[in-house]
Amino acid sequence: MHQALLVPEVILEIFAYVNTIPSSQTTEMYGHVHTIPWASALVTSTLAALARTCKIFHEPAMDFLWTEIHGLEPLLGCVARLHPLIYSRARTNHPTWQVELIFWAKGVEPLSAHEARQFLRHSSRIRTLNIKSAHPHLLSLIPAEACVFPRLRSLSLSTTYLDLILPHTPHQCHLLSVDESLQSFVTRCITLEHLCICSDTDYHGSTGQPSLLSDRIRWCTRLVTLSCPMLDLAAWKHLSCLPTLLKLEIDQGYDDSPSLSEQAIVHLSPFLNITTLSFRRLFYGVDIIMVMQHSQFPSLKKFRFEASYLSPEDAEKLFRALSRCNACRTLEEITICSLDDGYLSSPNSEPFTPIPHFLCFTQLRTLQLMFCDPCIYLDNDILLQAMSSWPHMRTLAINYLHDHYSPSEVSLRGLFTALILCPQLHTLRVPIDMATIDVDPTAEPIQHTSL
């Protein structure tokens, strides 16, 4: 063996490079290709071979091999009794092995005390743990104090496992549901930095769940990123005073009946350091607009608002609130969508004009506005004024929907005149009035190198 391989730093560099090789194993089943993140892909098999090479390689290779674990199966596979149940079917390449893998634990006895030690054999090496399997009964006899992952930094799981898996210093957590065990989790994990709670479960159908979630969020005092369903007023106040928070995403799952009181929400502090603000899968978005109207985001760079339906009145409120949120010198990306054409306005409704509200954002680089009904009014003068105000614009998409007709008063001449003012523009999607060709065929063609 070369003497350089006796230097721990050299070995770590080599193994770190091996661990970055892009590789994943896939299987095709019922016409769909599925990625198997924990299966024996090239990186996994290479690290496993290195771990078996010699004593010097064993520990660092095992650390890399167990750094990121997806699912309970790799851990359960360390249990002698369960190993053949998990891996024998996969090795046969049987066309239905992945479906059977989901149900392999049905009727299997829980782990004994001895098997629990086998299960936790490599727990001290794990930094990222992602659990989405539904086998909690297998771990029902393991005491919570025994199930420790001391080096864990990123955690993604259902709260079914929270009372069992209690990391000492997690920095990232992704919860698939919310229940009372979340309180015991966050009170012992005050260093939590990244928290993601999915809303595509029974969250909305459970009584008191929004307030329960908000109560637990307020235990987290060092959050950097947060993604969750809609919060109550107390949680909004907590987040507005959180200096560490940089990214906030509300994913409502199209279930957002109004619940906030405008009289009480006026006491929000400025969200000083938030740079990314996203509201996804809203149904009406009334509460979100109310929060925006009473909030300041002086560091905001990215804003996204996606609602099933946004009335012209609410849309104007949103545009006005965004223009007054103290982000005129920082905001670079705006995306606002209302794409459900099942909520049509009255036939006599006028197109609305959001562009003037956004002229104050001098650093704007991306603007995407997509509405089915009513449509956005755009003409030559508005487009020219917009391009004059946004010299750094790179992507501009307004009412560009493949299956939806949007009238326009922007002519070719108006378009070409405006393009000269945005030399960095590379994506442009706006409706054009082609009824009249008003371009001088003898004029010199425009030069735009990036579009």
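Asker: For this particular structure, what's the right way to read the overall build of the chain?
Answerer: Helix and strand counts for the chain stand at 15 helices and 15 strands. Long-range contacts, defined as pairs at least 24 residues apart, comprise 68% of the intrachain contacts of the chain with a sequence gap of at least 6. Just so you have it, the chain exposes about 22400 Å², and 54% of that area is on carbon and sulfur atoms.

Asker: What should I look at first to understand helix 2 (residues 42-51) in this one?
Answerer: Every buried residue of helix 2 is listed here: Val 43, Leu 47, Ala 48, Leu 50 and Ala 51. Around the axis of helix 2, the buried residues are gathered within 160° of arc, so they sit on the same side.

Asker: It is not clear to me how the side chain of Asp 314 should be interpreted in this structure. Could you clarify?
Answerer: With respect to the helices and strands, the residue Asp 314 is situated in helix 12 (residues 312-323). In this structure, Asp 314 is buried with no salt-bridge partner, the nearest side chain bearing the opposite charge being Lys 317 at 4.2 Å. Contacts of Asp 314, omitting those with residues within four sequence positions, involve Val 286 and Ile 289.

Asker: Explain helix 11 (residues 286-293) to me, please; I cannot follow it from the model alone.
Answerer: Side chains that are three or four residues apart share a direction in an α-helix, a result of its 3.6 residues per turn. With six of eight residues buried, helix 11 is to be regarded as a mostly interior element. Listing the buried residues of helix 11 in full gives Asp 287, Ile 288, Ile 289, Met 290, Val 291 and Met 292. Elements that come into contact with the buried residues of helix 11 comprise helix 10 (233-240), strand 9 (247-251), strand 10 (276-282), strand 11 (302-307) and helix 12.

Asker: What is the right way to look at the packing of aromatic side chains in this model?
Answerer: When we look at a pair of aromatic rings, we describe it by the centre distance and by the angle of the planes. What the rule picks out here adds up to ten aromatic pairs. Taken together, a centroid distance of 5.5 Å and an interplanar angle of 85° make the contact between Phe 15 and Phe 57 edge-to-face. Taken together, the residues span a long stretch of sequence, with Phe 15 in helix 1 (residues 8-19) and Phe 57 in helix 3 (residues 55-65) at a distance of 42 residues. Here Phe 15 and Phe 57 have matching classes, each one buried. Geometrically, the ring pair formed by Phe 279 and Phe 305 is edge-to-face, given 6.3 Å between the ring centres and 65° between the ring planes.

Asker: Explain the pairing of strand 12 (residues 333-338) to me, please; I cannot follow it from the model alone.
Answerer: For a regular strand, side-chain orientation follows a simple rule: the groups alternate between the two sheet faces. Among the six residues of strand 12, five are classified as buried, and the element is accordingly described as predominantly covered. Here strand 11 pairs with strand 12 via six bridges, running parallel. Following the sheet pairing, Arg 304 is matched in strand 12 by Thr 335. The pairing of strand 12 with strand 13 (residues 366-371) spans six bridges and is classified as parallel. Bridge pairing links Thr 335 to Gln 368 in strand 13.

Asker: Please explain a nonpolar patch on the surface as it appears in this structure.
Answerer: On the surface, a cluster of nonpolar side chains totalling about 280 Å² of accessible area is made up of Met 1, Leu 6 and Ile 56. Residue placement: Leu 6 occurs in the segment before helix 1.

Asker: Would you mind showing me how to read the packing of helix 11 against helix 12 here?
Answerer: Geometrically, a packed helix pair is captured by the angle between its two axes and the distance between the axes. The interhelical angle for the contact between helix 11 and helix 12, taken along N-to-C directions, is 30°, at an axis separation of 9 Å. Between helix 11 and helix 12, the angle is such that the two are roughly parallel. For the element pair helix 11 and helix 12, the recorded crossing hand is left-handed. Contacts from Val 286, Ile 289, Met 292 and Gln 293 of helix 11 reach helix 12 at Asp 314, Lys 317, Leu 318, Ala 321 and Leu 322. Among the residues making up the contact of helix 11 with helix 12, the classes are represented as six nonpolar, one polar and two charged.

What counts and what doesn't
Residues numbered from 1 in each chain as written. Predicted model: local features only at pLDDT ≥ 70, side-chain atom pairs only at ≥ 80, totals over all residues. Heavy atoms only, no water. Helix = DSSP H or I, 4+ residues; strand = E, 2+ residues; numbered from the N terminus. Contact = heavy atoms within 4.5 Å. Areas by Shrake-Rupley, 256 points an atom, 1.4 Å probe, with all protein chains shown as cover. Buried < 20%, exposed > 50% of the residue type's maximum accessible area, 1.4 Å probe, protein only. Arc of directions from axis to C-beta. Lys, Arg positive; Asp, Glu negative; His and termini not counted. Salt bridge = Lys/Arg side-chain N within 4 Å of Asp/Glu carboxyl O. Phe/Tyr/Trp six-rings, centres within 6.5 Å; stacked < 30°, edge-to-face > 60°. Pairing = 2+ DSSP bridges. Patch = residues over 30% accessible without salt bridge, like charges linked within 9 Å, V, L, I, M, F, W, Y side chains within 5 Å. Axes fitted to C-alpha atoms, helices over the stretch in contact; angles between N-to-C directions. Parallel < 35°, antiparallel > 145°, perpendicular 65-115°, else oblique. Left-handed = near helix turned anticlockwise from the far one by under 90°. Nonpolar A, V, L, I, M, F, W, Y, C, P; charged D, E, K, R; others polar.

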